[in-house]
Amino acid sequence: MKLGIVGLPNVGKSTLFNAITKAGAEVANYPFCTIEPNVGIVTVPDERITKLHEIYNSKRTIYATIEFSDIAGLVKGASQGEGLGNKFLGHIRDVAAIVHVVRCFDDDNIVHVSGKIDPVSDIETINTELILADMEVVEKRLQKSEKLSQHDKSLVREVEALKKIYDFLGEGKSARAMDLDEEEELVMNDLNLLSYKPIIYVANVGEDDAADDMQNDYVDAVREFAASEGAEAIAVCAEIEQEISDLPDDEKADYLDAMGIAESGLDKLVKASYKLLDLISFLTAGEDECRAWTIKKGTKAPQAAGKIHTDFERGFIRAQTISYDKFMECGGSMAAAKEKGLVRDEGKEYVVQDGDIITFMFNV
């Protein structure tokens, strides 16, 4: 899973990126500090895998990962190439979802590109650039499809869908906010529009607002805007995330607790990302390896097996499975779980659930 971190210059993007990835991206108080995207791979915290490792003393323990790409600060006019905008917009096309960092704190020592703190205006500035870039893509596709539809009537429905999408974007609305029928959704998915990508708005607050659920008027405005799009919104303090990034886990927990913060920004971001992209994890466990595998919610057992190896899906026979919680209720003993009849044999139609511990049976 690849997420792209975007935002106006000087909103805390690179600070947050460095904190959660420890990748050492340059941070500076001037626009376009980030030219090429910095990339960092983050391990998804999962205490279930940690516990399974302790039980099996496995030789290898592999957590799920997320790839974060810190994309340069966009500015007004990016869709026309301002601030190297075309290049930066191209980087966004490569990600599965967008993490839009929005400044929600006052600090006279940190320059704001527009000279004032207005998170909704900041969001709209970037969304407008994404929408304008998308309109150009849709217009080109529409012109081509209209010509072809004169000889191929099967494209008439596509032309109608493209016109509907173009008109919606022309109202200044992101494509993700559209209500689509099945055929329109097929057209939309084929366009790979920037404003259709799933998005998480990250309200970056100052240390003074880090406790008490990180609430202030700026954050409230961001949450309200996100709700209007059906998008996710979380609040973090990038400065605190930077301060705790190098601490051991136990010290990190103590620090957050002392600040009145229930969970780290990384934990919030991971949960929001999985929810946004409709992802879950199933688990495999044994002496050789304990591992979390990320799949789409609703994935059936053979396709989940295929995540491990294509031969597993091709030769799938059945899946022996037990939920992590049931397994732990049996003291972390698979033998005890089988004795109690809690390990199930599931077939090709079984829909894998989050936290399932699975052993796949297959023909070679």
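Structure first, text after, so check above.
Residues numbered from 1 in each chain as written. Predicted model: local features only at pLDDT ≥ 70, side-chain atom pairs only at ≥ 80, totals over all residues. Heavy atoms only, no water.

Visitor: Tell me what's going on with helix α11 (residues 301-308), and back it up with residues and numbers.
Guide: Taken together, the buried positions of α11 are Ala 301, Pro 302, Ala 304, Ala 305 and Gly 306. Where the residues of α11 are buried, they touch β8 (279-284), β9 (289-296), α12 (310-314), β10 (316-323) and β12 (356-362). (Buried < 20%, exposed > 50% of the residue type's maximum accessible area, 1.4 Å probe, protein only. Helix = DSSP H or I, 4+ residues; strand = E, 2+ residues; numbered from the N terminus. Contact = heavy atoms within 4.5 Å.)

Visitor: Just give me the short version of the sheet that holds strand β7 (residues 232-236), but keep the residues and values in it.
Guide: A sheet is described by the order of its strands in space; here 6 strands give the open sequence β2-β4-β1-β5-β6-β7, paired in mixed fashion. The two strands at the open ends of the sheet, each matched to only one other strand, are β2 (38-43) and β7. For this sheet the average axis-to-axis angle between neighbouring strands, irrespective of direction, equals 25°. Where strand β6 (residues 199-204) lies against β7, 5 bridges are found, and the strand directions are parallel. Pairing of Ile 200 across the sheet is with Glu 232, part of β7. Lying over the sheet, helix α1 (residues 13-21) contacts β1 (2-6), β2, β4 (65-70), β5 (97-103), β6 and β7, oriented at roughly 155° with respect to β4. The strands touched by helix α10 (residues 265-276) within the sheet are β1, β2, β4, β5, β6 and β7, with β7 carrying the most contacts at an inclination of about 175°. (Pairing = 2+ DSSP bridges. Axes fitted to C-alpha atoms, helices over the stretch in contact; angles between N-to-C directions.)

Visitor: Describe the packing of aromatic side chains, with residues and values.
Guide: What the rule picks out here adds up to 6 aromatic pairs. Ring centres of Phe 282 and Trp 293 lie 6.3 Å apart, and the angle between their planes is 15°; this geometry places the pair in the stacked category. Taken together, the residues span a long stretch of sequence, with Phe 282 in strand β8 and Trp 293 in strand β9 at a distance of 11 residues. Residue Trp 293 is classed as buried on the basis of its relative accessible area of 9%. Ring geometry for Phe 282 against Phe 360: centres 5.9 Å apart, planes inclined by 90°, an arrangement best described as edge-to-face. Within this pair, whereas Phe 282 is found in strand β8, its partner Phe 360 is found in strand β12, the two being separated by 78 residues in sequence. Assessed through its relative accessible area of 0%, Phe 282 is described here as buried. In this structure Phe 360 comes out as buried when scored by relative accessible area, which is 9%. Taken together, the aromatic side chains of Phe 282, Trp 293, Phe 316 and Phe 360 make up a single cluster linked through ring pairs. (Phe/Tyr/Trp six-rings, centres within 6.5 Å; stacked < 30°, edge-to-face > 60°.)

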